[in-house]
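Structure assessment
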Amino acid sequence: MLGGCVNSWQSGYVASTSLAAAAPTSAPIDIRGMPAEEVLKAAPPEGAQRLGYSEFVSSAGPELDRLEEFGHKIGATTIYWGKAFAQLSQETDYRADFYPSNSSTTVVTGPDGS
């Protein structure tokens, strides 16, 4: 991993305001993939509380090693994650300046056709 690279999971993180920050951990994290629309609806495992969520748009695929790295920093024991197509589009309209021409070309030939 390159130093100075932005961890999108961390930069898009919003902590739950009702909880004190959990202590960092190095314990294994249960990472569960699911459809993106179900992630925020999913109930935490029994005895656990939601620490927060992360949401961002990226052109790169999910970096699960960076997800786990950030999970350790915030003391997570379980992480639900999902991805969805953001339906972003870009339109490009290329145009050239149009200048109507009022000129004409006349070809003059000599008597021998040259």
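All values derive from a computational prediction rather than experimental measurement.

**Quick look at the side chain of histidine 72**
For histidine 72, the location among the structural elements is in helix H3 (residues 64–74). Take histidine 72: its relative accessible area is 19%, and that puts it in the buried class. Non-local contacts of histidine 72, meaning those with residues more than four positions away in its chain, are made with Pro24, Thr25, Ser26, Ala27 and Ile29.

**Overview of the environment of leucine 40**
Tracing the backbone through its elements, the reader meets leucine 40 in the loop between helix H2 (36–39) and strand E3 (52–54). The exposure class assigned to leucine 40 is partly exposed, which follows from its relative accessible area of 47%. Between the alpha carbons of leucine 40 and tyrosine 80 there is a distance of 8.4 Å; along the sequence they are 40 residues apart. Dropping the residues within four chain positions of it, leucine 40 is found in contact with Arg50 and Tyr53.

**Quick word on a nonpolar patch on the surface**
Among the surface-exposed residues, Val14, Leu40 and Tyr53 lie close enough to one another that they form a single nonpolar patch of about 250 Å² accessible area. Within the secondary structure layout, valine 14 lies in strand E1 (residues 13–15). Look at valine 14 and you get partly exposed, because its relative accessible area is 38%.

Conventions used here
- Residues numbered from 1 in each chain as written.
- Predicted model: local features only at pLDDT ≥ 70, side-chain atom pairs only at ≥ 80, totals over all residues.
- Heavy atoms only, no water.
- Helix = DSSP H or I, 4+ residues; strand = E, 2+ residues; numbered from the N terminus.
- Buried < 20%, exposed > 50% of the residue type's maximum accessible area, 1.4 Å probe, protein only.
- Contact = heavy atoms within 4.5 Å.
- Patch = residues over 30% accessible without salt bridge, like charges linked within 9 Å, V, L, I, M, F, W, Y side chains within 5 Å.
- Areas by Shrake-Rupley, 256 points an atom, 1.4 Å probe, with all protein chains shown as cover.
- Salt bridge = Lys/Arg side-chain N within 4 Å of Asp/Glu carboxyl O.

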